[in-house]
Amino acid sequence: MFTSPYFSLGGDEINARCYTDDTETQSALNSTGETFTDALNKYTTATHGAVRDAVKTPVVWEEMALDYNVTTVEKDAISMVWISSANATSVVEQGYHIVHSVSDFFYLDCGHGAWVGDFVNGSS
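Residues numbered from 1 in each chain as written. Predicted model: local features only at pLDDT ≥ 70, side-chain atom pairs only at ≥ 80, totals over all residues. Heavy atoms only, no water.

*Asks:* What am I meant to see in the overall build of the protein chain here?
*Replies:* In terms of regular secondary structure, the protein chain is built from five helices and four strands. Listing every helix and strand of the protein chain by position from the N terminus yields β-α-α-α-β-α-β-α-β. When burial is assessed residue by residue, the protein chain has 31% of its 124 residues classed as buried. Taking the contacts inside the protein chain whose residues are at least 6 apart along the sequence as the reference set, 39% of them involve residues at least 24 apart. When the accessible area of the protein chain is evaluated, it comes to approximately 7800 Å², of which 56% is carbon and sulfur surface. (Helix = DSSP H or I, 4+ residues; strand = E, 2+ residues; numbered from the N terminus. Buried < 20%, exposed > 50% of the residue type's maximum accessible area, 1.4 Å probe, protein only. Contact = heavy atoms within 4.5 Å. Areas by Shrake-Rupley, 256 points an atom, 1.4 Å probe, with all protein chains shown as cover.)

*Asks:* What is the right way to read the side chain of asparagine 41 from this model?
*Replies:* On the secondary structure map, asparagine 41 appears in helix 3 (residues 36-53). Other than its neighbours up to four places away in sequence, asparagine 41 contacts Asn69, Val70, Thr71 and Thr72.

*Asks:* Explain the environment of aspartate 76 to me, please; I cannot follow it from the model alone.
*Replies:* Looking at the element boundaries, aspartate 76 is found in the loop between helix 4 (63-66) and strand 3 (78-81). Relative accessible area serves as the criterion here: at 42%, aspartate 76 is assigned to the partly exposed category. Linking aspartate 76 and glycine 95, residues 19 residues apart in sequence, is a C-alpha distance of 8.4 Å. With sequence-adjacent residues up to four places away left out, aspartate 76 is seen in contact with Arg52 and Thr57.

*Asks:* Where do I start with unusual backbone geometry in this structure?
*Replies:* For residues besides glycine, phi is generally negative; the peptide bonds are generally trans as well. Here the phi dihedral of glutamate 13 falls at roughly 55 degrees; this positive angle occurs in a residue that is not glycine. Judged by its relative accessible area of 56%, glutamate 13 is exposed. Positive phi, normally seen in glycine, also occurs at valine 55, with a value near 60 degrees. Looking at where valine 55 falls in the secondary structure, it is placed in the loop between helix 3 and strand 2 (57-61).

*Asks:* Mind showing me how you'd approach helix 3 here?
*Replies:* With 18 residues, helix 3 extends 26 Å between its outermost C-alpha atoms, agreeing within 8% with the 26 Å of an ideal straight helix rising 1.5 Å per residue. Buried within helix 3 we find Leu40, Asn41, Thr44, Thr47, His48 and Val51. End-on, the buried residues of helix 3 take up no more than an arc of 145 degrees, which puts them together on one face. When the buried face of helix 3 is taken as reference, the exposed residues oriented beyond 90 degrees from it are Lys42, Ala46 and Asp53. (Expected span 1.5 Å × (residues − 1). Arc of directions from axis to C-beta.)

*Asks:* Help me understand the sheet that holds strand 1 (residues 6-8) in this model?
*Replies:* Sheets are built from strands paired through backbone hydrogen bonds, the pairs being either parallel or antiparallel. In space, the four strands of this open sheet follow the order 1-2-3-4, with parallel pairing throughout. At either margin of the open sheet sits one strand with a lone partner, and together these are strand 1 and strand 4 (97-100). Within this sheet the neighbouring strands show an average axis-to-axis angle of 30 degrees, counted without direction. With four bridges connecting them, strand 3 and strand 4 associate as parallel partners. Considered in strand 4, the bridge of methionine 80 is made with valine 99. Of the strands in this sheet, strand 1 and strand 2 touch helix 3, which is tilted by about 145 degrees from strand 2. (Pairing = 2+ DSSP bridges. Axes fitted to C-alpha atoms, helices over the stretch in contact; angles between N-to-C directions.)

Dropping the structure here:
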């Protein structure tokens, strides 16, 4: 595997509607009584365990802490803050280390900050 001590497990831009609208997913959740958040916590426990077994540190996006109420992301994981600098404090207050790479300052493909800058019809 890679020599980096970090391994990114994602967690950004999850389209929950995909899970809500998928019959197979809803059937599986209903059969266990789990919610989408329960399933996400279960996934996080399993994947973060595998990463730690490989002696690596899990890296997730800020949504795992701020939007999805994932309680199984341990405090030694690193959270990448990308949506807004205003979110950095909230993530740190939850006890996470962060990588501060937010779109309002550091995304050069988004008009030198923010999503699309002055070129609103463009794509980043």
